[in-house]
Amino acid sequence: MSKSRLFIGLFLLLLVVLITSVILYIRPTEQHTLSYTNISWEDKLQGMAETRRAEIILTEQEVNQLAKKELVEYLAAHTLPVEVTGADFRLYGNQITSELNVTRGFLDAAVSASFRLNYSSGQLELYPESLAVKGISLPPENLGLEPVAIDLQEYLPDVVKVQEIDFLGKSIKLKFSLDWLEVARYLKLI
């Protein structure tokens, strides 16, 4: 009788150690936030007017800020099976990866998600490609990921219209169709 109790006790102890190890393993190593800063489009347009080129470059950090803003808006309108508490986005050409801090109940986890970027008909489209919790792959649908379309015109002044987007590695080039006179009026140059 004592051997069976010892075996059950050891089994329960190993089970507790295993569960604790998994919980500690999936915890985020970096604490990201959902706070973001808005991009000063007026400064970007001012620089565009100075160079007289109908294009601007968004750096990886600026894309990170735009992506966080879009994520916050998305989370406000959708229910996910987890609570997203922080995010950081990295750009690799037409791929964007996100490191998300999520929580569900008492569990905190670091989730990596990868999206393919495409620009079509005025929309920046993000297609989920992969999802992993500390290297353990999951189908993107498990976190509620679905394709997302972002209307860039919502973020830009009315005087410019996105004509084309080039993915340049760690930055994105936006090319515009515009009326320079309207841009000058918007910037109060005339």
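Scoring rules and cut-offs
- Residues numbered from 1 in each chain as written.
- Predicted model: local features only at pLDDT ≥ 70, side-chain atom pairs only at ≥ 80, totals over all residues.
- Heavy atoms only, no water.
- Helix = DSSP H or I, 4+ residues; strand = E, 2+ residues; numbered from the N terminus.
- Contact = heavy atoms within 4.5 Å.
- Lys, Arg positive; Asp, Glu negative; His and termini not counted.
- Charge placed at Lys NZ, Arg CZ, Asp CG, Glu CD.
- Pairing = 2+ DSSP bridges.
- Patch = residues over 30% accessible without salt bridge, like charges linked within 9 Å, V, L, I, M, F, W, Y side chains within 5 Å.
- Areas by Shrake-Rupley, 256 points an atom, 1.4 Å probe, with all protein chains shown as cover.
- Salt bridge = Lys/Arg side-chain N within 4 Å of Asp/Glu carboxyl O.
- Buried < 20%, exposed > 50% of the residue type's maximum accessible area, 1.4 Å probe, protein only.
- Axes fitted to C-alpha atoms, helices over the stretch in contact; angles between N-to-C directions.
- Expected span 1.5 Å × (residues − 1).
- Core = buried A, V, L, I, M, F, W, Y, C linked by side-chain atoms within 4.5 Å.

Student: Can you help me understand the overall build of the protein chain in this one?
Tutor: Scanning the protein chain from terminus to terminus reveals four helices and nine strands. For the protein chain, the C-alpha atoms occupy an extent of roughly 95 × 30 × 25 Å along the three principal directions. Intrachain contacts of the protein chain at a sequence separation of at least 6 include 51% that bridge at least 24 residues. Taking the average location of the 18 positive side-chain charges in the protein chain and that of its 24 negative ones, the two points are 7 Å from each other.

Student: Where do I start with the pairing of strand β8 (residues 160-167) in this structure?
Tutor: The side chains of a regular strand alternate between the sheet's two faces. When β8 meets strand β9 (residues 171-178), the two strands line up antiparallel, connected through seven bridges. Each bridged residue has a counterpart across the sheet, and for E164 the counterpart in β9 is K175. In this antiparallel pair of consecutive strands, β8 and β9, the connection spans three residues, and G169 shows a positive phi of 100°.

Student: Looking at this structure, how should I read a nonpolar patch on the surface?
Tutor: Side chains of F7, I8, F11, L12, L15, L18, I19 and V22 sit close together on the surface and give an oily, nonpolar patch of about 790 Å² of accessible area. Examined against the element boundaries, F7 turns out to sit in helix α1 (residues 2-26). With a relative accessible area of 60%, F7 lands in the exposed category.

Student: Honestly, the sheet that holds β9 in this entry has me stumped. Any pointers?
Tutor: In sheet architecture, strand pairing relies on hydrogen bonds along the backbone and comes in two forms, parallel and antiparallel. Pairing within the open sheet is antiparallel, and its three strands lie in the order β1-β9-β8. Only two strands of the sheet have a single neighbouring strand rather than two, namely β1 (55-59) and β8. Geometrically, the sheet is characterised by an average inter-axis angle of 30° between neighbouring strands, direction not taken into account. Packed on one face of the sheet, helix α2 (residues 41-51) meets β1, β8 and β9 and runs near 135° to β1. Packing against the sheet, helix α3 (residues 60-77) makes contact with β1 and β9, and its axis sits at approximately 80° to β1.

Student: Teacher, can you tell me more about α3 here?
Tutor: Since the α-helix turns once every 3.6 residues, residues separated by three or four places project in the same direction. Along its 18 residues, α3 runs 26 Å from first to last C-alpha, staying within 8% of the 26 Å computed at 1.5 Å per residue. Along α3, the positions that sit buried rather than exposed are E60, E62, V63, N64, Q65, L66, A67, K68, K69, E70, L71 and Y74. Against α2, β1, β2 (83-92), β3 (95-104), β7 (148-151) and β9 lie the buried residues of α3.

Student: For this particular structure, what's the right way to read the nonpolar core?
Tutor: Taken as a class, soluble globular proteins show a tendency for nonpolar side chains to be buried jointly. The biggest cluster of nonpolar side chains holds 47 residues, and the ones touching the most others in it are W41 and L174. Per element, the largest residue contribution to this core is six residues, and it comes from strand β4 (residues 107-120). Not counting chain neighbours up to four residues away, the residues in contact with L174 comprise W41, A54, E55, I56, L58, L152, E164 and I165.

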